[in-house]
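Residue strings, one per chain:
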Amino acid sequence: MDILPKCSESIEKLEAIKKGVVIQSGISYTSQDARMVALDSLQISISSLGMWINTVNALANSHIAGDCLNEKGFLKSVGSGLDIEQTEKIMFDFLRFGFMTLVHFNLDNLFHNILRQLNALPQKQGYWNLTDQILDQCSLSKTGREKKLLTAFANLRNSLHGNGIHKTEPLNIQINDISFNFIKGKRIECASWKHIVLLLD
């Protein structure tokens with residue numbers, strides 16, 4: 001799956017949100033306002049993912065002679081003693097899982113900052129109370145698409161903290177005909193690029 005166009009689209013959406021914050025609040029674009037810092041962090045995370053994918057692709061392209069990849073040269077350049085399939089899997093798994101965790105952290109931080117600015121932080125701490133409160137403030141359903149996206153993201157992040165194993169009650173989330181199945185005690189199988197692209201929406 002080509003995630004790069006989705007990264008660009010997400011960066012543009014975040015840019016529009018930042019400009020909206022500037023217009024609505026009267027702060028400067030370069031303000032260190034917590035909302036702007038959190039939005040910047042999200043943009044940087046998504047930009048970095050795109051840059052790393054481009055870097056790996058450029059490095060691979062530099063080892064192509066004719067129509068063939070010089071696998072030995074590529075593996076040497078990345079310092080891998082594994083075969084090409086294992087190396088690619090390790091490199092891109094690291095990008096996917098690290099990216100999901102970092103973006104979830106960025107979102108959590110953004111929600112805290114927005115709710116703090118609105119004097120609307122929930123009385124009870126915790127991610128689920130935080131997301132319910134942010135949805136309330138945005139007049140969005142606590143059972144709609146947005147909540148499903150936030151719930152899927154959180155369960156992926158929590159499973160990654162558990163070495164890829166879902167530790168809580170089973171959960172199945174359907175978004176745009178894509179399933180996020182979380183089975184207690186089982187390895188998650190819903191953290192592909194396709195799933196991540198959907199969560200960036």
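Data block above holds the structure.
The following paragraphs examine the structure supplied in this document. (Residues numbered from 1 in each chain as written. Predicted model: local features only at pLDDT ≥ 70, side-chain atom pairs only at ≥ 80, totals over all residues. Heavy atoms only, no water.)

**Quick look at the packing of helix α1 (residues 4-25) against helix α2 (residues 34-61)**
Thinking step 1. For the pair α1 and α2, interaxial distance at closest approach is 10 Å and the crossing angle is 165 degrees. The orientation of α1 relative to α2 falls into the category roughly antiparallel. Every pair of crossing elements has a handedness; the one defined by α1 and α2 is left-handed. Across from L4, C7, S10, I11, L14, E15, I17, K18, V21, V22 and S25 in α1, the residues of α2 making contact are R35, M36, L39, D40, L42, Q43, I46, S47, L49, G50, I53 and N54.
Thinking step 2. The residue inventory of the contact of α1 with α2, partitioned by class, reads 13 nonpolar, six polar and four charged. (Axes fitted to C-alpha atoms, helices over the stretch in contact; angles between N-to-C directions. Helix = DSSP H or I, 4+ residues; strand = E, 2+ residues; numbered from the N terminus. Parallel < 35°, antiparallel > 145°, perpendicular 65-115°, else oblique. Left-handed = near helix turned anticlockwise from the far one by under 90°. Contact = heavy atoms within 4.5 Å. Nonpolar A, V, L, I, M, F, W, Y, C, P; charged D, E, K, R; others polar.)

**What to know about helix α6 (residues 145-161)**
Thinking step 1. For α6, built from 17 residues, the straight-helix expectation of 24 Å at 1.5 Å per residue is met to within 8% by its first-to-last C-alpha distance of 25 Å.
Thinking step 2. The set of residues buried in α6 consists of K147, L149, L150, T151, A152, F153, A154, N155, L156, R157, S159 and L160.
Thinking step 3. Contacts from the buried residues of α6 go to α4 (84-117), α5 (127-137), β3 (171-175), β4 (178-182) and α7 (193-199).
Thinking step 4. Positive backbone phi, at 60 degrees, marks N163, one or two positions downstream of α6. (Expected span 1.5 Å × (residues − 1). Buried < 20%, exposed > 50% of the residue type's maximum accessible area, 1.4 Å probe, protein only.)

**A look at the nonpolar core**
Thinking step 1. Membership of the largest hydrophobic core comes to 48 residues, with the highest contact counts inside it found for I3, L49, I53, L156, F180 and W193.
Thinking step 2. Elements supplying a minimum of two residues to this core: α1, α2, α4, α5, α6, β3, β4 and α7.
Thinking step 3. Among the elements that line this core, the one with the most residues is α4, at nine residues.
Thinking step 4. Beyond its immediate stretch of four places on either side in the chain, L156 contacts M100, F180, F182, I188, C190, A191 and L199. (Core = buried A, V, L, I, M, F, W, Y, C linked by side-chain atoms within 4.5 Å.)

**Notes on unusual backbone geometry**
Thinking step 1. Of note in this structure, N176 is not a glycine but carries a positive phi near 50 degrees.
Thinking step 2. Inspection of the secondary structure puts N176 in the loop between β3 and β4.
Thinking step 3. A positive phi is found at D177, a non-glycine position, where the angle reads about 65 degrees.
Thinking step 4. Its location among the elements puts D177 in the loop between β3 and β4.
Thinking step 5. We classify D177 as exposed; its relative accessible area is 77%.

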